[in-house]
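Notes for the structure review
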Amino acid sequence: MIIPLAQRADQTQEYYFSVKLAEVRQLLAQGHDVINIGIGNPDMMPSEATLDALTKSAQQPTAHGYQSYKGTPALRQAIARFYAHTYGVTLDPETELLPLIGSKEGITHLSLTFLNEGDGVLVPELGYPAYRAVSQMVGARVQEYPLLEHAGWQPDWAALAELVQPVGSPNPTKLLWLNYPHMPTGAPATKELFDQAVRFAHDHKILLCHDNPYSLILNKKAPISLLSVDGAKEVGVELNSLSKSHNMAGWRMGWLAAAKPYIDAVLTIKSNVDSGQFKPLMDAATEALANSDDWHRARNAVYQGRLDAVHALLDTLDCTYATDQEGMFIWAKLPDSILSAEALVNQLLYEKHIFIAPGFIFGPKGERYIRVSLCVPKERIEEAVNRLQA
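Residues numbered from 1 in each chain as written. Predicted model: local features only at pLDDT ≥ 70, side-chain atom pairs only at ≥ 80, totals over all residues. Heavy atoms only, no water.

Under an unreviewed UniProt entry, the name given to the protein is Aminotransferase, and the source organism is Spirosoma oryzae. Listed under Sequence similarities (unreviewed entry) in UniProt, the entry text for the protein is "Belongs to the class-I pyridoxal-phosphate-dependent aminotransferase family." Per UniProt, the protein has the following entry under Cofactor (unreviewed entry): "pyridoxal 5'-phosphate". (UniProt positions renumbered as here; feature names shortened; annotations may be inferred.)

Here you go:
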């Protein structure tokens, strides 16, 4: 290269799955039948009405130009109806919703909008790697907070309070990332948890950023949004998407839900980064958000069958796991007889041609854990069990 890398690029590692999936592709090219149960890539189809809306919209002559940075009014109205029906939350579609190119984009936009170099960001010790990576890319200071395994992977609020650098200090703590149902542990969301989080944000004057993509996947109770808690809109924002809940991961359709000042602030950044989303995608997403409760129940019935098969796989490996997990992954602890998650992952990949995710990619505390995806047909998971038993 004729010039050196920027410091942020030199400090950021390539995403683990980007590297490991290259190995999977190499094995596939060699003729091996690799069963990939490591990635959360939904394999089921969006609803028929969603696909019909996409096709119909794409045939319109006016569908192919630039769109509003805020998305179509119809999409924002559909998101607002979805929040009212699903979570009992009232949102103003004009001022409290901002469509995004997937909620992952929102992690970057929120960080660029609110973080100065050196500002503190509270990141769970086990969590989506993008929280940490993006914080580091913008020059913020990652403050890792503990999760209590014995308490169902809930935040250690006392430890969190000790980490906070107050407003007015040279490098204040400004953001707290929260994600429930939790990835990777599958810990459910509860109103008690969100009540505590909102009180914490008020007390310490911190922006609470909740990432909520898994609330409709194998949920044991009614799904819940952070914004359903009293006082949440003053101190909290929520990311959500259609990727997991509507089988639309590759469509890159998500949103930010928040009070108007937060939406307006993020829009100043977003409007300088992209030029809006493709209208047929937004029209199809508008239709998808009207999917019936029966459609969601049918999708979850498929995941339940796969869950039973994954439990059999983990039992074969002598792993232990909680049975109340929500979302499309199962988090499991390795037995003492297995040396390490990395060793197991490589052994299964190259000897049995089964790919699972090691827990350490979500944080050092995951060293003795693995994560298994439900995003493959039940029959393929059963084939993986057969390979292990053989």
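As for the overall build of the protein
Tallying secondary structure elements over the protein gives 14 helices and 15 strands in all. The C-alpha radius of gyration of the protein comes to 21 Å, within 12% of the 21 Å expected for a compact globule of 390 residues. Expressed as lengths along the three principal axes of its C-alpha atoms, the size of the protein is roughly 60 × 55 × 55 Å. A total of 390 residues make up the protein; the buried ones form 53% of that total. Sequence separation of at least 24 residues holds for 74% of the intrachain contacts in the protein that already meet a minimum separation of 6. Taken as a whole, the protein presents about 17,100 Å² of accessible surface, with 53% of it coming from carbon and sulfur. (Helix = DSSP H or I, 4+ residues; strand = E, 2+ residues; numbered from the N terminus. Rg over C-alpha atoms; globule rule 2.2 N^0.38 Å. Buried < 20%, exposed > 50% of the residue type's maximum accessible area, 1.4 Å probe, protein only. Contact = heavy atoms within 4.5 Å. Areas by Shrake-Rupley, 256 points an atom, 1.4 Å probe, with all protein chains shown as cover.)

Concerning the domain arrangement of the protein
Taken domain by domain, the protein consists of domain 1 (7-45 + 294-389) and domain 2 (61-289). Placing a centre on the C-alpha atoms of domain 1 and another on those of domain 2 gives a separation of 25 Å. Each partner contributes residues to the interface: domain 1 has 34 residues there, and domain 2 has 30 residues. Regarding the contact of domain 1 and domain 2, the summed buried area is about 2,800 Å², with carbon and sulfur atoms giving 57% of it. Our enumeration of links across domain 1 and domain 2 arrives at one salt bridge. Note that Lys365 and Glu125 form a salt bridge whose closest N and O atoms lie 2.9 Å from each other. Viewed at the interface, domain 2 and domain 1 are joined by 14 residue pairs in polar contact (both at pLDDT 80 or more). Elements represented by at least two residues in the side of domain 1 that touches domain 2 include exactly helix 12 (293-316), strand 12 (329-333) and strand 15 (369-373). Per-class residue counts for the side of domain 1 that touches domain 2 are 15 nonpolar, 12 polar and seven charged. (Domains from an automatic or database assignment. Buried area = accessible area lost by both parts, 1.4 Å probe. Salt bridge = Lys/Arg side-chain N within 4 Å of Asp/Glu carboxyl O. Polar contact = N/O pair within 3.5 Å; in protein donor to acceptor, adjacent residues only side chain to side chain. Nonpolar A, V, L, I, M, F, W, Y, C, P; charged D, E, K, R; others polar.)

Re unusual backbone geometry
In this structure, the amide linkage connecting Tyr180 to the following residue, Pro181, adopts the cis form with an omega of 0°. By secondary structure assignment, the location of Pro181 is in the loop between strand 7 (173-178) and helix 8 (191-204). A cis amide bond links Met183 with the next residue in sequence, Pro184, at an omega value of 20°. Of note, the phi angle at Trp153 is positive, near 60°, even though the residue is not glycine.

With respect to the sheet that holds strand 14 (residues 357-358)
The four strands lie next to each other as 11-12-15-14, forming an open sheet whose pairing is antiparallel. Two strands in the sheet have a free side with no partner beyond their single neighbour: strand 11 (320-321) and strand 14. Bridge count between strand 12 and strand 15: five bridges; the pairing is antiparallel. Pairing of Lys333 across the sheet is with Tyr369, part of strand 15. (Pairing = 2+ DSSP bridges.)

A few points about the environment of Leu307
Position of Leu307 among the secondary structure elements: in helix 12. Distance from Leu307 to Ile330, taken between C-alpha atoms, is 8.1 Å for residues 23 residues apart in sequence. Setting aside anything within four residues of it in sequence, one finds Leu307 in contact with Leu218, Ile330 and Leu374.

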